[in-house]
Amino acid sequence: MAERFTKSMARNMYMGGSLFFILIFVGLTMDTVRQMPGRDNRENLTEAVAHGKKLWEDNNCVGCHSLLGEGAYFAPELGNVFQRRGGEAGFKAFFKGWMNAQPLGIPGRRAMPQFNLSDEDLDALADFLEYASGINTNGWPPNIEG
Amino acid sequence: MKYESQAVAKPYFIFALVLFVGQILFGLVLGTQYIIGDFLFPEIPFNVARMVHTNLLIVWLLFGFMGAAYYMIPEEAETELHSPKLAWALFWIFAAAGTLTIVGYLAVPYATLAEITGNDLWPTMGREFLEMPTITKVGIVVVCLGFLYNIGMTVLKGRKTVINLVLITGLLGLALMFLFSFYNPTNLALDKYFWWYVVHLWVEGTWELIMASILAYVLIKVTGVDREVIEKWLYVIIAMALISGILGTGHHFFWIGAPEYWLWLGSIFSAIEPIPFFMMTLFAFNMVNRRRREHPNRAATLWALGCAVMAFLGAGVWGFLHTLAPINYYTHGTQLTAAHAHMAFYGAYVMIVLTIVSYAMPIMRGRPNGNSNKAQVVEMWGFWLMTIAMVFITLFLTGAGVLQIWLQRLPESGEALSFMATQDQIVIFYWLRLIAGLFFMAGLVVYLVSFFVGGDEPQLEKA
Ligand code: HEM
Ligand code: HEM
Ligand SMILES: [Fe+2]
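Residues numbered from 1 in each chain as written. Chains lettered and ligands numbered in written order. Predicted model: local features only at pLDDT ≥ 70, side-chain atom pairs only at ≥ 80, totals over all residues. Heavy atoms only, no water.

Q: Just checking my understanding: could you explain helix α7 (residues 188-223) of chain B for this structure?
A: Residues three or four positions apart in an α-helix share a direction because the helix packs 3.6 residues into each turn. All names here are of chain B. Compared with the 52 Å implied by 1.5 Å per residue over 36 residues, the 50 Å span of α7 between its first and last C-alpha is a close match. At Trp202, α7 shows its largest bend, some 60°. With 36 of 36 residues buried, α7 lies mostly within the body of the structure. If you check the start of α7, you find a side-chain oxygen 3.2 Å away from the backbone N of Ala189, and it comes from Asn187. One or two residues past the end of α7 sits Gly224, with phi positive at roughly 70°. (Helix = DSSP H or I, 4+ residues; strand = E, 2+ residues; numbered from the N terminus. Expected span 1.5 Å × (residues − 1). Bend = angle between axes of the 7 residues up to and from the residue. Buried < 20%, exposed > 50% of the residue type's maximum accessible area, 1.4 Å probe, protein only. Polar contact = N/O pair within 3.5 Å; in protein donor to acceptor, adjacent residues only side chain to side chain.)

Q: Would you explain the coordination of the iron ion (ligand 3) in this entry?
A: When a metal holds four donors in a tetrahedron, each ideal angle between them is 109.5 degrees; when it holds six in an octahedron, the ideal angles are 90 or 180 degrees. Residues and elements named next belong to chain B. Note on the iron ion (ligand 3): its protein donors are His200 (ND1), Glu204 (OE), Glu204 (OE), His251 (NE2) and His252 (NE2). The metal-donor distances range over 2.1 to 2.8 Å. Each donor residue of the iron ion (ligand 3) belongs to the same chain, with the gaps between them written as H-x3-E-x46-H-H. Here the iron ion (ligand 3) and the iron atom of ligand 2 are spaced 4.3 Å apart. Accessibility assignment for this pair places His251 and His252 in one class, buried. (Donors = N, O, S within 2.8 Å, 3.2 Å for Na, K, Ca; no water.)

Q: What am I meant to see in the site of ligand 1 here?
A: In the vicinity of ligand 1 lie 27 residues, with B:Tyr34, B:Arg50, B:His53, B:Glu128 and B:His342 positioned nearest. Of the chains in the model, those with residues near ligand 1 are chains A and B. Side-chain polar atom of A:Tyr73 to an oxygen atom of ligand 1: 2.9 Å apart, as the coordinates give it. Within the side chain of B:Glu128, one N or O atom sits 2.8 Å away from an oxygen atom of ligand 1. Residue contributions to the shell around ligand 1 peak at six residues, all from helix α13 (residues 335-364) of chain B. Within the shell around ligand 1, the residues separate by chemical class into 18 nonpolar, six polar and three charged. (Near = heavy atom within 4 Å. Nonpolar A, V, L, I, M, F, W, Y, C, P; charged D, E, K, R; others polar.)

Q: Help me out: how do you make sense of the interface of chain A and chain B in this one?
A: Frequently, the measure chosen for interface size is the accessible area removed from exposure when the parts meet. On the chain B side, the residues contacting the 71 residues of chain A number 89 residues. Among the residues of chain A in contact with chain B, A:Tyr14, A:Phe25 and A:Tyr73 are the three that bury the most area, contributing 12% of the side total. On inspection of chain A and its partner chain B, the count reaches five salt bridges. The salt bridge partner of A:Glu70 is B:Lys192, with a shortest N-O separation of 3.1 Å. (Contact = heavy atoms within 4.5 Å. Buried area = accessible area lost by both parts, 1.4 Å probe. Salt bridge = Lys/Arg side-chain N within 4 Å of Asp/Glu carboxyl O.)

Encoded structure:
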């Protein structure tokens, strides 16, 4: 590197640059948190949804599936499964049937475990997925297949 | 070895390599399950194997970073480590906690593990990469605090070099960002937003400081280039890393509920994230070309150069490939993500740990000039096998990803293939990936064998 550019200039660039961008990032985070109520579907965050999220975590569903595109890529996206599988009219029935039918036991096919959840739990999980599908994702995913 | 206490790095490195083997074995299980869906089901479901694979990766890299710090910091500070006893105690605590957690994953269903470890009291489990029980997370924090205290005291009483300060800053940042893993709101969008504070600000922030300082240290040792020059480079590299990487976090805020301005900010700032990685490549080759000595440990030099190149390819090139919002709209959460994840983690963090291991292990084993030529040749075979295998893993996953996007993402609803149908169409790439994975495993075995190859120590040559 050129001699004109000294080590102390490099250090100042590091200290000044990182401090500056940390502050901007904190500021933007505060603004994001402020804007979230209009975007994150919190009005539908019920007790049941909270319970459903806990079940989602306690069974590590994200270890196979993605949710809003994050997680594993072994099994289908579930951020929009509510719309894909029946919506308001049919999703809950579909979902309970699906969960109770696992594992399907088709040789060679990717298998989903049986989690032995109660009917109440399944209701809550379905509510959680419905809530997740209502988050404003800037139009993602591109189509219904997720 | 200038200071006796540097030797505590040895158990850290050895245990890291043992976990590395476990990580790759479970990688092979995953690769097989991608093709034969019910392989090992229901004994080891995919999600369990995946947690073991990714958590072993993170934990062995942490062992590697700690080993690196215990080795480098006393020598840079020109004083003995504050407390080797504490370092040993923390080693056993961390090793035991890590082993118990992995055994827990494999021995009982995850929901049971969550229940018996008190996830009801403070739920933090069941989120990608942060699957470990809350008490394990607390254990990690305790180990980090003890570790930071130990190296902090060492730095305070000794010489304060730039390398030491950058390394410590990176490690402090690592511990600090990990605290966000304890924040898990029921609001999914906020949960995801702050989850990235851990994951992104680790790999594209604090860990880059750690990587750059280890690279700088090894380059000083093997090239003999003046410290002033190296330190200037180091500052500029980490400056660029943080200037681009902090707001670059925005490339994860496109589709999780955050405001639209992140589409712009995330795209722009993450698009400059490749620069620090490119600079590390220039840095490494420049210093080696300007070397003032021929260090007899040529394997360590090869790792340092290879790390810089592969980190640039995996993080810089494969990262840039999908980081602009209009592209990420289609690539988000596909096999392309996995392709990038593999090469970036391998090129940057696996290889930087193997670089310091390659440099420091021979010295700790009483061979100040490096291993015998015979052993180095075997080690370099391991280097090439693993690295080329990883290039192919990345290329095959990229093929799978592009086809997946073509079939499942680009067509309109109704025309697009479903996820599962798409997976059937791209299975050939998963076969190829698995074969490349077997070569990776073979390379790892060759690498480990190199530790047991004898022969005479190489002689110092004058440049
Ligand atoms: C034999 C070699 C390997 C095979 C067959 C393999 C296979 C896999 C598979 C199938 C997944 C899960 C993808 C999914 O979620 O659907 C995965 C995830 C992952 N593996 Fe590997 N792996 C191997 C080696 C490695 C190595 C050497 C590293 C690190 C350097 C690594 C790091 C990761 C990471 C970071 C993830 C999470 C990816 C993400 O979330 O995008 N793997 N691996
Ligand atoms: C060594 C540094 C890096 C490592 C270890 C790394 C690792 C990863 C991993 C593991 C993921 C997947 C996370 C998940 O499971 O959801 C990921 C995602 C991503 N990375 Fe990196 N990364 C690095 C650097 C970069 C850089 C420099 C860029 C941009 C230039 C980048 C762009 C991205 C993007 C856009 C995603 C999101 C992919 C998606 O939407 O699915 N990464 N990275
Ligand atoms: Fe990132």
